[in-house]
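Understanding the architecture of this molecule
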Amino acid sequence: MMEALPAVVPVAAARPRRQVWSVGGGKGGIGKSLLTAALGFQLARLGRRVVLVDADLGGANLHTCLGLAGPALTLGDFICRRVERIEDVLVETGVSGLRLISGASDFLGAANIKYAQKVRVLNRIRSLEVDIILLDLGAGTSFNIIDFFLVSDVGILTVVPEPTSIENGYRFIKSALYRRLRAAAPSQAVRAIVDSALDQKNPLGIRTPLDLLAVVERADPAAVPLLRKEMGAFHPRFVINQVRDPADAAIGHQLVTACARHLGVKAAYAGYVPFDDTVWRCVRQRRLFASAVPDCPSAQKVRELARGLLQGESLALTW
Amino acid sequence: MVAVLGGNHYEVLGIDARATPEQVERAYRFCLEMYGDSSIAIYSLLDADEQRRARSRVQEAYEVLRDPFRRHDYDVSQGFVRATPPMPAPPRAAAGPVPLPAPPPPAPRPPAPQVLEGPVDGATLRRCREERGISLKEIAGRTKIGVRYLEYIEADRHELLPAPVYLRGFLQEYARATGLEPRRTADAYMSRLRRHPDPTR
Ligand SMILES: Nc1ncnc2c1ncn2[C@@H]1O[C@H](COP(=O)(O)OP(=O)(O)O)[C@@H](O)[C@H]1O
Ligand SMILES: [Mg+2]
């Protein structure tokens, strides 16, 4: 028999501030879109209200990862003001708590939007009544992509255990950090140094952010603490996708160590996703593995990843 | 030429000054892997020459930290511990931060340590110990070597034993605590081990 419960004023669980998360990686075909879709799905399953945004303006296909047809209205329609309200391009995915803003596959010009337009888009997306906005970034290190990454509260960097992907991952980190440092540069001289660092073959011999600091130290020592502070606040989180053995998974720790020692960047290892036949079989059927086969190893790992990212946890290197 | 890997030996291996020998070993292996020829984590970040220099810096740090005596001297030179004669050398790092506690008081020793004839294996050591009525716990207490390792020594579980430099130290401690001649006992036991593969090759 049920006893009468004491009267309790229901208190809504304190929701953290609305957050923007982005999934980048610098290279195509490494699973950014699938990871975005699966992560969004798991976050929604954990009770968060999530909006996925396909920010891969040139190669949008996030809808396909979710098993949806290309929607009639996309982010491109909002960017070039064919529709006025961001809500007009928001579609349901069939998963409770998970909605989608599709990419601009129909609009070539959207791939080169101006900074002011980006700011407008982001502000409008941020105004949505949600918990997490999850951006699927395109491949490469163009300003479009990096600016989205830089304004995110959580920047996820996807790599696969292959030299090409890791090379692009480091390039992504450097490009993003230099862009951030340039914006923070207190003087024209420092800005010029950052600009020359963007050229890998620069005459100053700057190859890493640490080299950059050393050059700034000579030119304008007062600027160094400021740049250091910016570097300290830049905190990319690695996810290794398509892991085939424990050695692949261990690479995450090496990446974090290498970033700290050789780039001066404080990265974290958020987690990994195994290479899983289920994943591509589901892609072929245009179904999301995380919902179609919820118990497959990759779905489970993405669930762990979602939990860890929500808690701000990462995989620690212990001896 | 700028150092590829700056910092002291501990920083180079990415450990703190209280790391146990096992942790030194694991961190070393991690670094070897990371700066190894087939590493993809370092690819595009360091060129071949820098990678080689990083590797030799790791090796240099390891050579010192793996050896209890050299590690102690290094710790003293860096001001990590106060200078106490490293006899016996601390086979395991102490749990607390610097300075390390003073070595335990010397164990009472029988006047003439016995020299064993012929090959010495775990069973021989165990027999000697039991004849003298000494428990592993007692040896562990005197030497600060974990009972687990003493058991591995007696069981000839060579694959579980630490690197030879440590093992030699452990064996000498064991011998001393059991009334055996330390150096020759350790040599006799060590001579039965397969050559320890050099992980840098
Ligand atoms: N964990 C995985 N296991 C197996 N195949 C994967 C996995 N992740 C990605 N793939 C394959 O890689 C392809 C590209 O993924 P996608 O998310 O479209 O990459 P991106 O968005 O980075 O270009 C997928 O169609 C799938 O076949
Ligand atoms: Mg994609």
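Residues numbered from 1 in each chain as written. Chains lettered and ligands numbered in written order. Predicted model: local features only at pLDDT ≥ 70, side-chain atom pairs only at ≥ 80, totals over all residues. Heavy atoms only, no water.

1. Considering the overall build of chain B
What counts is decided by this rule: Going along the chain from the N terminus, every DSSP run of H or I of four or more residues is numbered as a helix, and every run of E of two or more is numbered as a strand. Only protein chains enter the area calculation, which uses a 1.4 Å probe; residues under 20% of their type maximum are buried, those over 50% are exposed, and those in between are partly exposed. We call two residues in contact when some of their heavy atoms are within 4.5 Å. To measure how exposed things are, a 1.4 Å probe is used in the Shrake-Rupley method; for residues, cover is taken only from the protein chains shown.
Helices and strands together make up the secondary structure of chain B, namely 9 helices and 0 strands. Reading chain B from its N terminus to its C terminus gives the helix and strand order α-α-α-α-α-α-α-α-α. When the 201 residues of chain B are sorted by exposure, 46% land in the buried category. Across chain B, every contact between residues at least 6 apart in sequence was considered, and the portion connecting residues at least 24 apart equals 60%. Of the roughly 10,600 Å² that chain B leaves accessible, carbon and sulfur atoms contribute 53%.

2. A few points about the interface of chain A and chain B
Applicable threshold: In short, buried area is how much 1.4 Å probe accessible area vanishes from two parts on joining, totalled over both. What makes a salt bridge here is a side-chain nitrogen of Lys or Arg within 4 Å of a carboxyl oxygen of Asp or Glu, nothing more. We define a polar contact as two N or O atoms separated by no more than 3.5 Å, with the added condition that, inside protein, one atom must be a possible hydrogen donor and the other a possible acceptor, whereas residues neighbouring each other in sequence contribute only through side-chain atom pairs.
Each side of the interface is counted separately: chain A has 18 residues, and chain B has 25 residues. Summing both sides of the interface, chain A and chain B together bury roughly 1,800 Å²; the carbon and sulfur share of this comes to 64%. Our count for the contact surface shared by chain A and chain B stands at 1 salt bridge. One salt bridge connects R207(A) with E50(B), and the closest N-O pair in it is separated by 3.1 Å. Between the two partners, chain A and chain B, sit 9 residue pairs in polar contact (both at pLDDT 80 or more). Put simply, the parts of the chain that give the side of chain A that touches chain B at least two residues each are α6 (163-184) and α10 (246-263) of chain A.

3. Notes on the domain arrangement of chain B
All names here are of chain B. Convention followed: Marked domain ranges trace back to an automatic or database domain assignment. By the convention adopted, Pro, Cys, Tyr, Trp, Phe, Met, Ile, Leu, Val and Ala count as nonpolar, Lys, Arg, Asp and Glu as charged, and the other residues, Gly among them, as polar.
Here the domain parsing of chain B yields domain 1 (9-78) and domain 2 (122-195). Listed by partner, the interface residues are 8 residues for domain 1 and 4 residues for domain 2. In total, domain 1 and domain 2 occlude about 540 Å² of area from one another, counting both sides; carbon and sulfur atoms represent 58% of this. Our count for the contact surface shared by domain 1 and domain 2 stands at 0 salt bridges. Of all the elements, helix α2 (residues 21-34) adds the most residues to the side of domain 1 that touches domain 2, at 3 residues. Of the residues assigned to the side of domain 1 that touches domain 2, the class counts are 4 nonpolar, no polar and 4 charged.

4. So, the packing of aromatic side chains
How we decide: Aromatic pairing here means that ring centres of Phe, Tyr or Trp (its six-membered ring) are within 6.5 Å. Orientation follows from the plane angle: under 30 degrees is stacked, over 60 is edge-to-face, and everything else is tilted.
In the structure shown here, the tally under the stated rule is 9 aromatic pairs over all chains. Centre to centre, the rings of F149(A) and F234(A) are 6.5 Å apart; their planes meet at 65 degrees, and the pair counts as edge-to-face. Separated by 85 residues along the polypeptide, F149(A) in helix α5 (residues 143-150) and F234(A) in the loop between α9 (224-233) and β7 (237-243) bring together distant segments of the chain. Assessed through its relative accessible area of 4%, F234(A) is described here as buried. Note on Y28(B) and Y62(B): the rings are 3.5 Å apart at their centroids and 0 degrees apart in plane angle, and the pair reads as stacked. Residue Y28(B) is located in helix α2, and its partner Y62(B) is located in helix α3 (residues 48-65); the two are separated by 34 residues in the primary sequence. An identical accessibility class is assigned to Y28(B) and Y62(B); each is buried.

5. Comments concerning the pairing of strand β1 (residues 19-24) of chain A
Residue and element names in this part refer to chain A. Using the following cut-off: At least two bridges found by DSSP between two strands is the condition for calling them paired.
A large share of β1 lies buried, amounting to 5 of its 6 residues. Sheet topology places β1 next to strand β5 (residues 132-136); 5 bridges connect them, and they run parallel. Pairing of V20 across the sheet is with I133, part of β5. Pairing between β1 and strand β6 (residues 154-159): 4 bridges, direction parallel. Note that in β6 the partner of W21 across the bridge is V154.

6. Things to note about helix α8 (residues 209-219) of chain A
Residue and element names in this part refer to chain A. Note the following rule: Taking the helix axis as origin, the arc is that swept by the directions to the C-beta atoms.
Here α8 has its buried residues at P209, L212, L213, V215 and V216. Within α8, the buried residues cover an arc of 165 degrees as seen down the axis, which keeps them to one side. As for α8, its buried residues are in contact with α6, α7 (188-197), α9 and α10.

7. Here's the deal with the nonpolar core
The criterion, for reference: As used here, the term nonpolar core means buried Ala, Val, Leu, Ile, Met, Phe, Trp, Tyr and Cys residues forming a set that is joined through side-chain atoms within 4.5 Å.
One finds I101(A), Y170(A), L212(A), F238(A), L255(A), L13(B) and Y35(B) to be the most contacted residues of the largest nonpolar core, which totals 94 residues. If we ignore the near neighbours within four places in the chain, the residues touching Y170(A) are L255(A), A258(A), C259(A), L263(A), A41(B), Y43(B), S44(B) and L45(B). Membership of the second largest hydrophobic core comes to 35 residues, among which are W21(A), L34(A), I156(A) and L305(A).

8. Looking at the confidence of the model for chain B
Residues and elements named next belong to chain B. What counts is decided by this rule: Every residue carries a pLDDT, the predictor's confidence in it, which falls somewhere between 0 and 100.
Taken as a whole, chain B shows an average pLDDT of 81; of its residues, 80% reach a score of 70 or greater. Residue range residues 88-110 is modelled with pLDDT below 50. Its contacts to residues more than four positions away, or to other chains, number 46 contacts. Prediction confidence for the complex, expressed as pTM and ipTM, is 0.76 and 0.85 respectively.

9. Regarding the pairing of β5(A)
Burial analysis of β5(A) places 5 of its 5 residues in the buried class, the great majority of the element. On β5(A), burial covers both faces: I132(A), L134(A) and D136(A) on one face and I133(A) and L135(A) on the other are all buried.

10. A short note on the site of ligand 1
Residue and element names in this part refer to chain A. The criterion, for reference: Throughout this document, a residue counts as near a molecule or strand when at least one of its heavy atoms sits within 4 Å of that molecule or strand.
Near ligand 1, the surroundings consist of 15 residues, among which G29, K32, S33, L34 and N241 are the closest. One of the backbone N or O atoms of G29 is found 2.6 Å from an oxygen atom in ligand 1. Here Q242 contributes a side-chain N or O atom positioned 3.2 Å from a nitrogen atom of ligand 1. Considered on its own, ligand 1 offers 560 Å² of accessible surface; in the complex 81% of this is hidden by protein. When contributions to the shell around ligand 1 are tallied by element, the ones reaching two or more residues are α1 (32-45), β7 and α11 (277-284). The class makeup of the residues in the shell around ligand 1 is 7 nonpolar, 6 polar and 2 charged.

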